[in-house]
Structure formats: C-alpha cells, structure tokens
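Take a look at the letters that make up each chain.
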Amino acid sequence: MNNPISPDSYISNLSPNKDDSVDLKRYFSLFISNWYWFVVSLFLAISVAYGINRWTEEVYTVSSTLLIKDDQNGALTEIFPGSEGFRSMQKVNNEIGILKSFNLNYRVILGLPEFHVVYTSVGRRGIAETRLYKTAPFIVKFDSLARQKLGEKINIKILSSEKFRLELNGDENYQKDLSFGERFNEKGFDFTINLRRDIDFNYNQNASNKYYFYFVDPASLANQYRNKLSINPIDKEASLVTLSTAGFVPQQEADYLNTLMKVYLEFGLEYKNQTAAQTIDFIENQLGTISDSLKIAENDLENFRLVNKLINISREGTIIQDKLEQIDSERSRLLIQKNYYQYLKEYVDSKNENADVVSPSVIGITDQILIKMVEELAELQKQKKQLSINLNATSEPLLILNANISNARESIRENISNGLSNIEKAIDNSDKRLNNIDYEIKRLPSTERQMINIQRKFDINNTVYTFLLEKRAEAGIAKASNVPDNRIIDKAGFFSSYRIKPKRNQNLMTAIMIGLFLPLLAIVLIYSLNNKIIDKKDIEQATTIPIIGYINHNSQKTELPIVKNPGSTLSESFRSVRTNLKYFLREKECSVIAVSSTVTSEGKTFVSTNLATIFAMSGKKTLLIGLDLRKPRIHKIFGTTNDTGMSNLLTGREKFESILYKTEIDNLWYAPSGPVPPNPAELIESDYMKSLIDSARKEFDFIVIDTPPVAIVTDALLVSQYTDFYLFVVRQRYSSKNTLELVQELYNRGSIKNLGIVINDISLTGYYGYGLRYGYSSGYGYSYGFNYYNQANYGKYGYKQTEGYYKES
C-alpha cells in the first residue's frame, strides 16, 4: 500500500501554483477523451469534400504560345535614346492589349457559331450538370440571334430517336412535343433542333436524356472571354507569351485560343497591308482617269487610219513623233508626281492618322528626303496607335510623339511646297520644248500632221497607263509578299489542358484539416471559457489549501453506496479521505470534522454522511450531526422523521440523548436537524451548541457535522470554533473556480485555520475527460493494495478482499 501523505508534505504546496504555461498533457487528454467529436467532424467535412468533388462541374485551363516580333528599330528609340528594353516590353504590352481588345474578341466570337448556343446535360436526379461542346446529341439551327430570347433556358427531354419534349424554363406550364427537324417559332424563339450528324445517337430509355440550352449574346460573350483571358510573357526579356483561359470544356477553350491567334495574325496582316492597299487605291483612281482618255485616243487613231488609209508617216514625221513621245512621257510623269504632291498635301493638312500614307517612291519620286520624312511620319503614327492602347493621352510618351508628328508634318509641308515649285518649273520647260516642236510639225503635210497629233494623244495616255499598271503590279506583289510579323508557336489542344477544379486531393486534405481543426478549436474555446473546476491543477492554481482526497462519481441508486457496495472504487475513495484525515487529526481522543461547501448541490451532505459511515465501519464510534438547519436532508437518507433534532436541542427544549438516533450501521449515530427555526445563526452561537460538542466528545471517537454552504449563510463559519478540521467539498465540473477564492480568503483571514478540500463527483469519463488524472496512485491516493479486510466489521456487508485487491460486489 502506498503511504498516505503526511501534513509536512503539504508545506511545499502552501503557495498556489501560478504556472501559466500551456499544459499540453491536459489538452492531449481533452482531445483523446472527446475523440467522437473529431470522428463526427471528420465525417461531415469529408462528406462535404466528397460532394464537392462528385457534383462540382469540372473546370479546365488551356494554354497556347505566341511569338510577338520584337522590332527594336523605330521612332520611339529615336525619341528616347537607350530605351530599347522599354520599347521591347512596351511592344509586348501593346500586343497584349490588342489580344484582349473587345473588337478582336468580338471578331473571334463571330467566327465561332457553336459558341452562340450553350448546351448542358442534366443528370437523372437533376443535380449533376455537364457542359457540352460539339458533343450534344442535337444541334440548334437558327437564322439570327436577333430573333431569339437571349439567356433564357430551354429544357429538352429526348423521348425517342425521332421526338423530344421542349419546356420553357420561365413558364412551367408550357411544354410541347416536337420532332427533330421541326421548326419552333413561338414564345419569342425561332429555331429548329436537329440530331447532330457527326454523332451516332442511340436512344437509351435508362439514361437521363435531359438537356437544356440557351442563346448567348456575342458581345457579352466577347467581354466574358476577354476578361478571363490571361496573357503572360514567359520571361521578362522575351517576347514569347503564353495565352491561357479556363472553362468547362477543354476543346471549347482550345478553339477559342486557336481562333483568337488566327484572327490576331490576320488583324496584324491587315494592318500591315494597309499601305499597299492605299497605294493600289491611289493608282486605281489614276487609272480610272487615264483609261477613258486612252480609249478615246485609241478609237480616234484607228478611225483616222481607216478613213485616210494612212499606214506610215514620213521619216521626218517619225523623228518629230519620237521627240513628242519623249517630252510627253516626261510631262505625264511630272503630272502624276504633281498629283501625288497634292494628295500628300491634303493628307498632311487633314491630320488623318487612321489611314496609311502612300510612299513617294511608289509614284517614282526619287527625293530621298521626302521619302524618309513620309516613312518617319508613318512610323510615328504607328507608334502612337500602339502606345494609345495602354497609355493615357496625357502621358509623357504620347505628348512627345504628338509633338514629333506635328514637326514631321510641318517638314513635309515645306518639302511639298518646294517639290511642287520644282515640278511646275519642269512642266513649264516641257511645255516650251513642245511649242518648239509645234513649228516643225506645221511644215508637214496636213494629213500627216493630223496623224501625228492623234498618235501623240494615244501615246501620252498609253505611256501613263502602262506606267500606272506597272506600279499597281508592284504594289500588288508587295501586298502578296507580306507575312504576319507574329507567329503561333504552340496551338491550344488537349495536351495543353489540365483540370483546375475541383482539386480533389486538395479538397480532401482541406476537409481533413478542417475536420480536425474545428473540434480542436471548439474544445479549446470551451475549455478556455469554462470556469468550472476540472482537476486538482485548477485548485492548486487558486488556493494553498491542501487536497485531502477525491470522491468518485456515485452511479449507484443510493445515498449510502459504501454500505451497499463496500468494495467499490467509490468506497475506496472515502477510505482514502479517512486515512489522510488521520494525519491531520493526530492522536486526538475525539475529532470534530465539519463538512461544508461554498454553494448548494456540491455534495456536502453526501460526503459528510458517507465519511461518517466509513469512520463507523472502521470500528470508531461516530456521530453525524445535521447542522444545516435551513435545508435539512440527512433524515431522508436514513429514512426517519425530522420532528425532533438539533433545532430543538439548541432552543433548550430537548436533551442531548433525546435527539440521538442509532442507525443500522454499527458504531454510527446521527442527530437530525429538526424543524427549521427562524434564527439558525443565533442558535448555533448559543451555549447549547458548545455543551453539545463537549458532551459528544466524551462519548464518540469522531463527530462529523454537516453544515450549510459558507457562500450563502454564515452558519458554517460559526461552527468552526468547535471543529478540529474543516472539510470543504468542491464538485468537479459544477463548482466555480471563483468559489475557491472565497475559501482561500477565509483561510487567509484565519476564520478557519485547519482546512482541507475534497473533490467530489469525479468521472472517469465525460466531456473533459480529466477523471483519469485522479488515479489513486497519484500522490494523495493509494494503490489498490489496501487490505482492510476485517471479518468482524465488514463481513455483514458482503465485502470480500482477495490478495490485497478490492472487488465490486
């Protein structure tokens, strides 16, 4: 048997343990004892995760790669010397802005007619939904989206391989059975549903066969896609970008990306061909003017030859004709150049930055300064368009570009003025040379002279026409030879897609973490906010009063469990208290022990009654006094009346011997409380109380007094002057920690000097799970090796001890 603690061993415990560190062992015990919370929480969390993984529609991300040509040469480098790196990044940013622009994405969506109708299949229970793209068993044919209600669901239930049922989502009462291929033109819709030819559809009556579709506005769809489109350079220094988007069907997202890149390249090529297109348009306008004149001259020449039967002219006439052709050809080219200068002047004066300017070299102008100026103006305007996508109009780069564009236009104006002046002089010179040749022509015969004039008009128009045809052919070749600056590196496809939602493993791990964390947090919060006494550490932190023992939970249907089952653990706990009390009471002939608590229902009457019983069972003559005059209860435990008792004695109406009752338990007497008096405190302070205690000390070995709660009335404190030891009862998970402050205050004031605490109603299981901390081999207790076997005292209660261990009867 473990040796009980001596009073000296309590000296080390006379100062409260104020350790505020986290008691991991306590929390671990909390979690272990409440394992079912974790099981329930884990089950619910994993069930939610399973539902998300099972019923959430899968979302995939698809990516592609595009190379954006990095042109380091340009006007911006001249504007900002040393800005090559900035220009490279700006070029990429500009192209990203173009890729995400509404106009480009709108063209993409218009080129994808399958996107205009959203198809969805519905599961048999109506919960699971799957987005379909080119895999629905039917396809909706319509003439125009303008004749459809956009965004309104249309439910389809396939009834057979020939028929289906149509229901409008907004009108539950409307449904109609139709055949595939039959036109539906009601309720604001106009479409036809056909079976998809590229899918072998076989009607299965066991399948759901439920679908719905709705029409989408291309403009809103373009905005939707441009908002979710992600474009990121693969490296800070590179012009290679990755395009990615996410959606329910990988093939649909791949089609969008591939079409986007295709339209983007076409858009860039169109922009690049604008100069050639402008040149061809300019030449076409010139050809339109010359063509009519050429036809007239050709007809005149042919008619003149037929009428005059003139095939050839004289040698002298031939020489004169050659001179005329040479001068007229030069003059025609000068006129074309003059027209170009006038065109360029109108272009510069109009400040039109949207149309590309025709290069002077196309018309045969060899002025390198003008050519360079026009090219620089075109480049500046191109840079401004690109920067305007991402920069504000008031930003410094655009302000500088505007200033340079204005300077370039002014320089071109000056050059045009000089060029026109020079051309006018050259034309005047040609006119003078032609006048000189006119004198020579007049010497020729009349018929030949007319022939030369007619031939001259034809040759002039023919030369100009041929020249323009050559230039148009050159511009056409230049346009045909243009290729996009950018190119597709990797197209989007199944290989570049992967699922991003639901993340099954991540959801499961998150569910496990939440399932563990929530009950853990709840238990910690409940424990932290709990103000009840749980174990001896709560008492040691609040008071220096020693703990005498621990009383187990009474699960038996009796107020005297130690009598009914003396071999139980509950009986052993009372024996432990009795043993420890002997070391405080020393060798007194009669010890008076008062049992109290701070509030009601903490078990003081239960403890006092069974403590007195355990003393009596040890062969000691014991008296149990019911001094709770306000709320008597001991008489109910022993099954007697309360007509006569302590209240009668303290008023002097009864003698000591007349209020004593012998119980069925050997060596145990008790004095009930008696009728409830109006002044219990005054009665306890009377001399009758002192006389009672003095008389009882002479006849009994132990006196146990059941007193009222000290936090409610003062009766219990009045008894302390007659007691040798005062035992306070606290109840696990019921008594508040604040009550210990009251007990400690009484101890500090000296109101009660010899104090001890008994922890009552300890459960080995329960919400907090701390009962295990009170094992009987832990300091204050004892091992199960007690050998209290005594045939004389215990045989009648059926107590049996074998090899030093107790056994429940």
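Residues numbered from 1 in each chain as written. Predicted model: local features only at pLDDT ≥ 70, side-chain atom pairs only at ≥ 80, totals over all residues. Heavy atoms only, no water.

Engineer: Sorry if this is basic, but what is going on with the overall build of the chain here?
Structural biologist: Helix and strand content of the chain: 24 helices and 22 strands. Counting all 809 residues of the chain, 46% fall into the buried class. At a minimum sequence separation of 6, the contacts of the chain that also span at least 24 residues come to 77%. Only carbon and sulfur atoms are counted for the fraction: they give 51% of the accessible area of the chain, which is about 40900 Å². (Helix = DSSP H or I, 4+ residues; strand = E, 2+ residues; numbered from the N terminus. Buried < 20%, exposed > 50% of the residue type's maximum accessible area, 1.4 Å probe, protein only. Contact = heavy atoms within 4.5 Å. Areas by Shrake-Rupley, 256 points an atom, 1.4 Å probe, with all protein chains shown as cover.)

Engineer: Would you mind showing me how to read the pairing of strand β3 (residues 129-132) here?
Structural biologist: The side chains of a regular strand alternate, residue by residue, between the two faces of the sheet. In the sheet, strand β2 (residues 117-122) pairs with β3 via four bridges, with the strands oriented antiparallel. Opposite T120, over in β3, you have R131 as the bridge partner. A loop of six residues connects β2 with β3, the two strands running antiparallel in sequence, and G126 in this loop sits at a positive phi of about 80°. (Pairing = 2+ DSSP bridges.)

Engineer: What should I look at first to understand the confidence of the model for the chain in this one?
Structural biologist: The predicted structure's coordinates, where accompanied by low pLDDT, should not be read in detail. For the chain, mean pLDDT is 78; residues scoring 70 or higher make up 77% of the total. Note on residues 72-86: pLDDT under 50 across the span, and 25 contacts to partners over four residues away in sequence or across chains. (pLDDT = per-residue confidence, 0-100.)

Engineer: It is not clear to me how the sheet that holds strand β17 (residues 622-626) should be interpreted in this structure. Could you clarify?
Structural biologist: Strand pairing within a sheet occurs via backbone hydrogen bonds; the two strands may be parallel or antiparallel. Overall, mixed pairing links the eight strands, which are arranged β15-β22-β21-β16-β20-β17-β19-β18 in an open sheet. Where the open sheet ends on each side, the last strands, each with one partner, are β15 (547-552) and β18 (661-662). As paired strands, strand β16 (residues 591-597) and strand β20 (residues 702-706) are joined by five bridges and run parallel to one another. What sits directly across from V592, in β20, is I703. Helix α17 (residues 604-617) contacts β15, β16, β17, β19 (668-671), β20, β21 (725-731) and β22 (755-762) of the sheet and is inclined by roughly 155° relative to β16. (Axes fitted to C-alpha atoms, helices over the stretch in contact; angles between N-to-C directions.)

Engineer: I would appreciate a short explanation of the layout of surface pockets in the present structure.
Structural biologist: Empty space among the atoms becomes apparent when a probe as large as a water molecule is rolled across them. Size it by volume and the second largest pocket reaches roughly 460 Å³. S601, E602, G603, K604 and R633 are the residues nearest the centre of the second largest pocket, which is lined by 20 residues in total. Of all elements in the fold, only α17 and β22 reach the threshold of two or more residues within the lining of the second largest pocket. The element contributing the most residues to the lining of the second largest pocket is α17, with three residues. The residue makeup of the lining of the second largest pocket, split by class, is three nonpolar, nine polar and eight charged. (1 Å grid on protein atoms, 1.4 Å probe; cavity = no way out; pocket = protein on both sides within 12 Å on 5 of 7 lines; lining within 4 Å. Points joined across faces, edges and corners; volume = space filled by probe spheres on them. Nonpolar A, V, L, I, M, F, W, Y, C, P; charged D, E, K, R; others polar.)

Engineer: Would you mind going over the sheet that holds strand β9 (residues 191-195) with me for this structure?
Structural biologist: In spatial order, the strands read β4-β9-β8; together these three strands make up an open sheet with antiparallel pairing. The open sheet is flanked by β4 (138-141) and β8 (183-184), the only strands paired with a single partner. Sheet topology note: the β8/β9 ladder contains two bridges and is antiparallel. In the strand pairing of β9, R183 is matched with T192.

Engineer: I'm lost on the pattern of salt bridges in this one. Help?
Structural biologist: Oppositely charged side chains are able to pair whenever their charged atoms sit close together. What the rule picks out here adds up to 19 salt bridges. As a salt-bridge pair, K176 and E186 come within 2.5 Å of each other at their nearest N and O atoms. You can see K176 sitting in strand β7 (residues 171-179) and its partner E186 sitting in the loop between β8 and β9, a full ten residues away along the chain. E253 serves as the salt-bridge partner of K228, at 3.4 Å between the closest nitrogen and oxygen. One end of the pair, K228, is in helix α6 (residues 218-228); the other, E253, is in helix α7 (residues 250-272), with 25 residues separating them in the sequence. K228 sits in the partly exposed class, given a relative accessible area of 27%. For E253, a relative accessible area of 2% corresponds to the buried category. (Salt bridge = Lys/Arg side-chain N within 4 Å of Asp/Glu carboxyl O.)

Engineer: Would you mind going over unusual backbone geometry with me for this structure?
Structural biologist: Residues other than glycine predominantly adopt negative phi, and peptide bonds predominantly adopt the trans conformation. A cis amide bond links K501 with the next residue in sequence, P502, at an omega value of -10°. Notably, K187 is not glycine yet its phi reads approximately 55°, a positive angle. Checked against the element boundaries, K187 lands in the loop between β8 and β9. Exposure remark for K187: the relative accessible area of 38% places this residue in the partly exposed category.

Engineer: Would you mind showing me how to read the nonpolar core here?
Structural biologist: One recurring pattern in soluble globular proteins: nonpolar side chains tend to sit buried together. The biggest cluster of nonpolar side chains holds 35 residues, and the ones touching the most others in it are L99, F115, L243, Y256, L260 and Y264. Going through the elements one at a time, β1 (59-67), α4 (84-99), α5 (102-110), β2, β10 (210-215), α6, β12 (240-247) and α7 are the ones with two or more residues in this core. Here the element with the most residues in this core is α7; it accounts for eight residues. Excluding residues within four positions of it along the chain, Y264 makes contact with L66, I68, E95, I98, L99, L104 and N486. Listed in part, the 34 residues of the second largest apolar core include I548, I614, I637 and F702. (Core = buried A, V, L, I, M, F, W, Y, C linked by side-chain atoms within 4.5 Å.)

Engineer: Explanation requested: helix α13 (residues 504-529) in the structure shown.
Structural biologist: A turn of α-helix holds 3.6 residues, and therefore any two residues three or four places apart point the same way. Counted at 1.5 Å a residue, the expected span for α13 with its 26 residues is 38 Å, and the 37 Å between its end C-alpha atoms agrees. Every buried residue of α13 is accounted for by A511, G515, P519, I523 and Y527. Buried residues belonging to α13 abut α1 (24-33), α2 (35-55) and α14 (536-542). (Expected span 1.5 Å × (residues − 1).)

Engineer: Can you help me understand the packing of aromatic side chains in this one?
Structural biologist: This structure, assessed with the given rule, holds 26 aromatic pairs. With a centroid separation of 6.4 Å and an interplanar angle of 40°, the aromatic rings of Y119 and F213 are classed as tilted. Here Y119, found in strand β2, pairs with F213, found in strand β10; they are 94 residues apart in sequence, far enough to count as distant. Comparing Y119 with F213, the two get one shared label, buried. Lying over the aromatic face of Y225, K228 brings its terminal NZ or CZ to 4.2 Å of the ring centre. One residue, R731, lies across the ring of Y734, its end atom 5.2 Å from the ring centre. (Phe/Tyr/Trp six-rings, centres within 6.5 Å; stacked < 30°, edge-to-face > 60°. Lys NZ or Arg CZ within 6 Å of the ring centre and 35° of its normal.)

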